[in-house]
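Here's the letter readout for the chains.
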Amino acid sequence: MAAPKHRRTALERVEKFLSETYFTDCNLRGRLFGDRCPPASLSCFQTPRRIPYDEAVRQEFRPAQVGDSFGPTWETCWFKVELSIPPAWAGQEVHFVWESDGEGMVWRDAQPVQGLTKEGEKTSYILTSSMKEAEPHSKAELVVFNRDVYELLVDLEILLDMAQLLGEENQRSSQALCTANQMVNVCDVTDPATFPAARALAAAFFSQRNGESQHSIHAMGHCHIDSAWLWPYEETIRKCARSWVTVVRLMERNPELTFACSQAQQFEWVRSWYPGLYKQIQDFVAKGQFIPVGGTWVEMDGNLPSGESMVRQFLQGQRFFQQQFGRVCSEFWLPDTFGYSAQLPQLMRGCGIRRFLTQKLSWNLVNSFPHHTFFWEGIDGSRVLTHFPPGDSYGMHGRVEEVLKTVKNNKDKGRVNHSAFLFGFGDGGGGPTQKMLDRMKRMSDTDGLPRVQISTPDQLFSALEKESSQLYTWVGELFLELHNGTYTTQAQIKKGNRECERILHDVEVLSTLAMAQGGGFQYPASELQRLWRLLLLNQFHDVLPGSCIQLVVEDALQYYAEIRRAGAGLQREAVQSLCRELLEPEAGNAGGTLVLNTLPWERTEVISKAGPAGTETLALVTVPRMGYAVVREPLLPPQPVVVRKLEDGSIAMENGVIAACLDEMGRLTSLRLLDSQRESVPDGCCANQFALFDDVPLYWDAWDVMDYHLETRKPVTTLLKPLEVTLAGGLRGSVSFSLQIGKSSTLTQEIILDATCPYLRFLTQVEWKEAHKFLKVEFPVQVRSTNATYEIQFGHLQRPTHWNTSWDWARFEVWAHKWLDLSEHGFGVALLNDCKYGASAHGNVLSLSLLRAPKSPDATADMGHHQFTYAVMPHLGSFQDAGVIRRAYSLNFPLHTVPARSAPCPPCSAFSVSSPAVVLETIKQAGPWGRHGEG
């Protein structure tokens, strides 16, 4: 066939040739229709549980028929289908077709053989490629061009398990998820005798050749499966099996197909629940078709996990892939997270990864990111080769317009001549289809189109590396200008993450100390791995950000509860081994307090310890770095805390380091460093000011905070209980007050000042009952700087405090970990927190985001009780010189106290570092992966 003279006409003809709408009586799709017959019988049973096959086959099945309804959502239906093939169909290819609004799995001979999903163009399973009268159950070769294939059936019993799920469009909308689903068009059979002619026609049309200079597109099958999102973790296990067994069937019929698959956790699920399928996957991994990518346990959030959590993501992922497949990943694969920390390049390189693939910055709401292929440089200068598929998607369908967009949209044309093209249904699974793969084959060498080749991530990046000499470098974070509400949504998940990161840190430190001391203590490596994997799973990019349904929130909170429970037990065992003699009180020799410090610097702080008759008393103690001490005689502070009520009703607090004055609503009207008398609060302003904002995003409720919410600011001024003194001073002074927030929410706060402490602490409790509101606390400060500093993983970065450009004001809401700081030469103010991530610094106002109230996808998001702490710390010099980093760690890692003997015991310190600029972040037992390993 000659090359088409008019390109546009030719391309439109291609689409009509494959259309699901036009010329269906004569186009390729229309040629596929064949005869059909109904099932001989159909029966089912329904259960609220997700049960294995062996249990399902023992149940009692009741009769069912096409058109029956099953539900409610998240129930599971197992169907038994008995089929009978007409004798006249001998020698023909026979398909079993199943269409419903749910997702299903076909089982045959006690093994999963095919996933079924209406949305994913997988409504058929080939029973046999050539029906033989004597062998009606022969294995089939799948040739599917069309999801509307009709069927023909054999004397066969097939079991299907169906999850009651809503369709993808409904899942993505703001509608309620509690509806029943209809089961329709259950079983048919087809005799597609016209397949060979259709194939020949397609081959003739696509036989045109293109030139050698055309852009090369590296097509890879892909199936992005959210480990939890609009479905719970348990359903994801079945999504993986349904999707991956379908890929395996495609690979059996298409040995050229490659499939890039991330998330070690999902491999582990399939290994545990579907061992037969997993063995097939291992075989295709060995053949180089089924390709593990990413090197992480899950596709985690790219902003909120701690540095050590990110290391563990890579450690657990790479270790799993090495053990199971004999290889590690050379590329980090994170297509769908909500921004990328500037520390990631260093972490990648430290874990053996030098390549990175994502596409989410194509979602930027304000500025178009200027590159698709570039070097990304982190805060330490580490660089990784980064590629964004120019089609701006990880779920292509192999259509002509997608291929053309991949070339036209490429912002680095002229510097590189290769691009990724990830095809397959994603988010809820599904993966590639035969129709997509056939499109790829037809476009492999067609005039007027780029060169399309089935490829692998390694082939893509190897080609890009050869062309990398002219690539640009992007320095710093890859900030997504959307989904910035995920820094705050589902506050209980954020709190659980921060607490459990601390728990596992402390268990590892104390267990290492106990093991190093000797005495036969066994480091709990396997239990720690189990707990770490639970924490890492909850860091998936729709769980930790809070963009998930209520069922997922419940799962996540249960996992945090398990980490707390098991972690407390492990900590007790380590302390018992480490300090056994001190914890065995002799008669008349009790009354001491063992204080343990898991941080790498000496700490002098006020603690609460057990007193007589079950009371609690305060004590000022000094504890060595990463060690312990027994407190018998508490220290006296150089200057006690003084709390005074002034004539105008305000209250003054002072401890010799800082002095504060608060009005009756708990707002700071003054905060001074006593050594310098430098005032932190500007004249006429109040800090610790709560503000409520309307929060109705344009697109994604749980995900987004729009810039126009700033125009709706309303200061919180409704006082329920005025400021009063609760502790008059000594080692600790405190005051408290209560406010009404919005229409029906309440906030109670205790403001605490400890002896020798350089910051004022705000212990806050909120009963939150709002809808589409956003609560923040603001600290205007007497500091001028064009940049504020925010803590990130193992470091910090600066962001502008002005909105000079669109890139600046697009960062009206950003994220931080334990602290943010605004400093000028010689003076600054820092905000510390124990479980918050959303923040901003505009002009001279530091703001901490506290609570949101989205209604989709979880209508109950954040409703209920919340407790959190933040602190304000004025300081001289830079934040490094003033110890802001150490103080933020101390706020997040409190000293541990245990009743002990009061016998003399010298303080014990096990580890130390020589530089105050270095944080000894983690100590754990080394394993087969050296400094990143566990036993």
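Quick caveat, the model's predicted, so the values are computed rather than measured.

**Q** How should the packing of aromatic side chains be read in this particular structure?
**A** Aromatic rings in a pair are described by how distant their centres are and how their planes are angled relative to each other. Considering all chains together, one arrives at 40 aromatic pairs under this definition. Ring centres 6.1 Å apart and planes at 75° place the aromatic pair Phe267 and Phe290 in the edge-to-face group. Of this pair, Phe267 sits in helix H6 (residues 264–273) while Phe290 sits in strand E13 (residues 290–292), placing them 23 residues apart in sequence. When its relative accessible area of 0% is taken as the criterion, Phe267 is described as buried. Ring centres of Phe332 and Phe356 lie 5.3 Å apart, and the angle between their planes is 20°; this geometry places the pair in the stacked category.

**Q** Got a minute to help me understand a nonpolar patch on the surface in this structure?
**A** A cluster of nonpolar side chains, contributed by Leu365, Val366, Leu698, Tyr699, Tyr708, Trp803 and Trp809, occupies part of the molecular surface with about 650 Å² of accessible area. Topologically, Val366 is positioned in the loop between strand E15 (355–357) and strand E16 (373–377).

**Q** What's the story with the sheet that holds strand E14 (residues 331–333) in this structure? I'm lost.
**A** Taken in spatial order, the five strands line up as E14-E15-E17-E16-E20 in an open sheet, and their pairing is mixed. Every interior strand has two partners, whereas the edge strands, E14 and strand E20 (473–475), have only one. Strand after strand, the sheet turns through a mean of 30° between neighbouring axes, direction not considered. Both E14 and E15 contribute to a ladder of three bridges, which runs parallel.

**Q** What's the story with the sheet that holds strand E31 (residues 714–715) in this structure? I'm lost.
**A** Working definition: the strands of a sheet are paired by backbone hydrogen bonds and lie parallel or antiparallel to each other. Pairing is antiparallel across the open sheet formed by six strands, whose spatial order is E31-E30-E36-E43-E42-E39. The sheet is open, and its two borders are formed by E31 and strand E39 (814–815), each paired with just one other strand. Summarising the sheet, strand E30 (residues 689–694) and E31 pair through two bridges and their orientation is antiparallel. The residue bridging Leu692 from the neighbouring strand is Lys714, located in E31.

**Q** Would you mind showing me how to read the pattern of salt bridges here?
**A** Scanning the model with the defined rule gives 39 salt bridges in all. Close ionic contact of Arg312 with Glu308 constitutes a salt bridge, the shortest N to O distance being 2.5 Å. With Arg312 and Glu308 both in helix H8 (residues 307–325), this residue pair falls four residues apart, about one helical turn. As far as the burial class goes, Arg312 and Glu308 line up, both buried. Among the ionic pairs, Glu791 bridges to Lys818, the shortest N-O distance being 3.0 Å. A residue pair is termed long-range when its members are at least 10 positions apart, and Glu791 in strand E37 (residues 787–792) and Lys818 in the loop between E39 and strand E40 (819–824) qualify at 27 residues. Of the two residues, Glu791 and Lys818, neither departs from the other in class, the shared state being buried. Here the residues in one salt-bridge network are Arg50, Glu103, Glu234, Glu235, Arg238, Lys239 and Arg242, joined through shared partners.

Parameters at a glance
- Residues numbered from 1 in each chain as written.
- Predicted model: local features only at pLDDT ≥ 70, side-chain atom pairs only at ≥ 80, totals over all residues.
- Heavy atoms only, no water.
- Phe/Tyr/Trp six-rings, centres within 6.5 Å; stacked < 30°, edge-to-face > 60°.
- Helix = DSSP H or I, 4+ residues; strand = E, 2+ residues; numbered from the N terminus.
- Buried < 20%, exposed > 50% of the residue type's maximum accessible area, 1.4 Å probe, protein only.
- Patch = residues over 30% accessible without salt bridge, like charges linked within 9 Å, V, L, I, M, F, W, Y side chains within 5 Å.
- Areas by Shrake-Rupley, 256 points an atom, 1.4 Å probe, with all protein chains shown as cover.
- Salt bridge = Lys/Arg side-chain N within 4 Å of Asp/Glu carboxyl O.
- Pairing = 2+ DSSP bridges.
- Axes fitted to C-alpha atoms, helices over the stretch in contact; angles between N-to-C directions.

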